[in-house]
Amino acid sequence: MGHQLGYDDIKAATERIAGRVRPVVLAPGGDGGPWLALEYLQHTGSFKARGAQNFLRAHREAGTLPDAGVTIASGGNAGLACAWAARQQGVRATVFLPANAPGVKVARLRSYGADVRLVGAEYAEALAACEEYAATAGALASHAYDHPLIAAGAGTLLEEVHERLPGLDTVLVAVGGGGLFAGVAAAAREHGVRVVAVEPEGSRALHAALAAGGPMDVTVDSVAADSLGARRATALAVDAARHEGVRSVLVPDAAIVRARQGLWEDRRIAVEHGAATALAALLAGRDDESGEHGYRPAEGERVCVVLCGANTDPATLTAAAPAAA
């Protein structure tokens, strides 16, 4: 299939996962503000449930879902989604994590019926163990974001948003490795919707790839690194970003923190820093006269911001917020 993700892939995913995921909830911005796609209300707390469901359903349809089930190395949203989707499909999920993974994540994975295996001190070691297990046990290896079926599943989100907001001009989406962005961009292209790909300044795998002419490794240092901390953007994402109607922007951590805190204070929405990153682009755009940072919509532009995940510690929001400067 190469590195192109097409609208056919999104349509197939939409049909495959219909009735198996929660439809996206849209909240009006009010006062000319952006619409908010509340995808953090999705099963397992993030958009990842869509891709995991599509990945496993497609393999089941093709007769390539082995008895050994599915395996993944991820303590984050992808691991949770994989374990949840596997339980929905009645197959085993074996999830590999570093030994120092937070107990709350391990407990949550087990609550979805996953066999959790703690290996090594860092993610790379857990990943190696996962790959070895896939090879020896014959389990199907899933990836957090770098797979056409995972990305296409994520793209079903934009299908739903477009159906409910037919006059939509622009969608803002956070980028880590780029699975959500690649899927959303493929659907958006079909509907003539502009996509703004938003990354933290300190975690800019996609932005750097576009400047360099292809995927490259970047150092990651951002408040949103727990969910947007991919060192390298996928080829799928880089290809999607080269199309017309896509803009890549960076936002400072300060704007991400402010966006996240603002969602809590104004609406009692608790999201992770990665989910607040897309909204931060509008805050940064409002503050920046030069237009270099963030995104500033035109007058009357219909904008939707994807709030993609809420697996965060709410205590960090309710602690005394710093006084406004």
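Figured I'd write up the structure that's included with this text. Every chain is numbered on its own, with residues counted from 1 as its sequence reads. Since the coordinates come from a predicted model, pLDDT governs what is reported: local features require at least 70, and pairs of side-chain atoms require 80 or more to be given and counted, while whole-chain, interface and lining totals use all residues. Where side-chain values are given, they derive from all heavy atoms of the structure, hydrogens and water being excluded.

1. A few points about the environment of L279
Part 1: Secondary structure elements are defined from DSSP: runs of H or I of at least 4 residues count as helices, runs of E of at least 2 residues count as strands, and each element is numbered from the N terminus. Along the chain, L279 turns up in helix α12 (residues 273-287).
Part 2: Taking the C-alpha atoms as reference, L279 lies 26 Å from L5; in sequence the two are 274 residues apart.
Part 3: Contacts were defined at the residue level, with two residues in contact if any of their heavy atoms lie within 4.5 Å. Sequence-distant contacts of L279, defined by excluding residues within four places in its chain, comprise P34, A259, L263 and V305.

2. What to know about the pattern of salt bridges
Pairs may arise between side chains of opposite charge once their charged atoms sit close together.
Part 1: Definition used for salt bridges: Asp or Glu carboxyl oxygen within 4 Å of a side-chain nitrogen of Lys or Arg. For the coordinates displayed, the defined rule picks out 7 salt bridges.
Part 2: One salt bridge in this structure joins R16 and E61, with 3.2 Å as the shortest N-O distance. A residue pair is termed long-range when its members are at least 10 positions apart, and R16 in helix α1 (residues 7-17) and E61 in helix α2 (residues 48-62) qualify at 45 residues.
Part 3: Linking E160 and R50 is a salt bridge whose minimum nitrogen-to-oxygen distance equals 3.0 Å. Taken together, the residues span a long stretch of sequence, with E160 in helix α6 (residues 148-164) and R50 in helix α2 at a distance of 110 residues.
Part 4: Relative accessible area decides the class of each residue, using a 1.4 Å probe on protein chains only: under 20% of the type maximum gives buried, over 50% gives exposed, and in between gives partly exposed. The class for E160 is buried, based on a relative accessible area of 17%.
Part 5: Since its relative accessible area comes to 0%, R50 is described here as buried.
Part 6: Residues joined by salt bridges that share partners form a network here, namely E39, R50 and E160.

3. Describing the packing of α2 against helix α3 (residues 77-89)
Part 1: Working convention: axes come from line fits to C-alpha atoms, limited for helices to the stretch in contact. Angles between N-to-C directions cover 0 to 180 degrees. At a minimum axis distance of 8 Å, the contact between α2 and α3 shows a crossing angle of 45 degrees. In this view, α2 runs oblique relative to α3, as classed from their interaxial angle. Classified by chirality, the crossing of α3 by α2 is right-handed. Residues K48, A49, A52, Q53, L56, R57 and R60 of α2 lie in contact with α3, whose contacting residues are N77, A78, A81, C82, W84, A85, A86, Q88 and Q89. Angle categories: roughly parallel below 35 degrees, roughly antiparallel above 145, roughly perpendicular from 65 to 115, and oblique for all the rest. Less than a right angle of anticlockwise turn of the near helix away from the far helix marks a crossing as left-handed, whereas a clockwise turn marks it as right-handed.

4. Examining α2
Part 1: End to end, α2 covers 21 Å across 15 residues, agreeing with the expected 21 Å (1.5 Å per residue, within 8%).
Part 2: Counting buried residues in α2 gives 12 out of 15 residues, a clear majority hidden from the surface.
Part 3: Of all the residues in α2, the buried ones are K48, A49, R50, G51, A52, Q53, N54, F55, L56, R57, A58 and H59.
Part 4: Structurally, α2 contributes buried residues whose contacts are with α1, β3 (70-73), α3, β6 (140-141) and α6.
Part 5: Just downstream of α2 lies G63, where phi reads positive at about 75 degrees. A helix is expected to reach a length of 1.5 Å times the quantity of its residues less one.

5. A word on the nonpolar core
Part 1: Counting residues in each nonpolar core, the largest one holds 72 residues, and the members touching the most others are V161, L172, L180, F181, L206 and L307.
Part 2: The greatest single-element share of this core, amounting to 9 residues, is contributed by α12.
Part 3: Those residues in contact with V161, other than ones at most four positions away along the chain, are V24, L26, A37, L168 and C304.
Part 4: In terms of nonpolar packing, the next biggest core, distinct from the first, is built from 32 residues, I17, V70, A93 and L109 among them. Among the buried residues, those of types Ala, Val, Leu, Ile, Met, Phe, Trp, Tyr and Cys that are joined through side-chain atoms within 4.5 Å form a nonpolar core.

6. Remarks on the pairing of strand β7 (residues 170-174)
Part 1: Judged by how many residues are buried, β7 sits mostly within the fold: 5 of 5 residues are covered.
Part 2: Neither face of β7 is left uncovered, since the one carrying T170, L172 and A174 and the one carrying V171 and V173 both have all their residues buried.
Part 3: Strands are treated as partners if at least two bridges between them are detected by DSSP. Here β7 pairs with strand β8 (residues 194-200) via 5 bridges, running parallel. In the strand pairing of β8, V171 is matched with V195.
Part 4: Seen with its strands pointing away from the viewer, a crossover is right-handed if its path from the first strand over the helix to the second goes clockwise. Considered for its hand, the β-α-β crossover made up of β7, helix α7 (residues 179-191) and β8 is right-handed.
Part 5: Here 3 bridges tie β7 to strand β10 (residues 303-307), and the two strands are oriented parallel to one another. The partner of L172 across the bridge, within β10, is V305.

7. Concerning the sheet that holds strand β1 (residues 26-27)
Part 1: The strand order across the open sheet built from 6 strands is β1-β2-β10-β7-β8-β9, with neighbouring strands paired in mixed fashion. Where the open sheet ends on each side, the last strands, each with one partner, are β1 and β9 (246-251).
Part 2: Sitting on the sheet, α12 is in contact with β7, β8, β9 and β10, with an inclination near 130 degrees to β7.

8. Here's the deal with the packing of aromatic side chains
Part 1: A pair of Phe, Tyr and Trp rings is counted when the ring centres sit within 6.5 Å of each other, with Trp represented by its six-membered ring. The angle between the planes then sorts it: under 30 degrees is stacked, over 60 is edge-to-face, the rest tilted. By the definition in use, this model includes 1 aromatic pair.
Part 2: Between the aromatic rings of F96 and Y133, the centroid separation amounts to 5.6 Å while the plane-to-plane angle is 55 degrees, which identifies the pairing as tilted. Of this pair, F96 sits in strand β4 (residues 93-97) while Y133 sits in helix α5 (residues 123-137), and the two are 37 residues apart along the sequence.
Part 3: The exposure class of Y133 is buried, given its relative accessible area of 10%.

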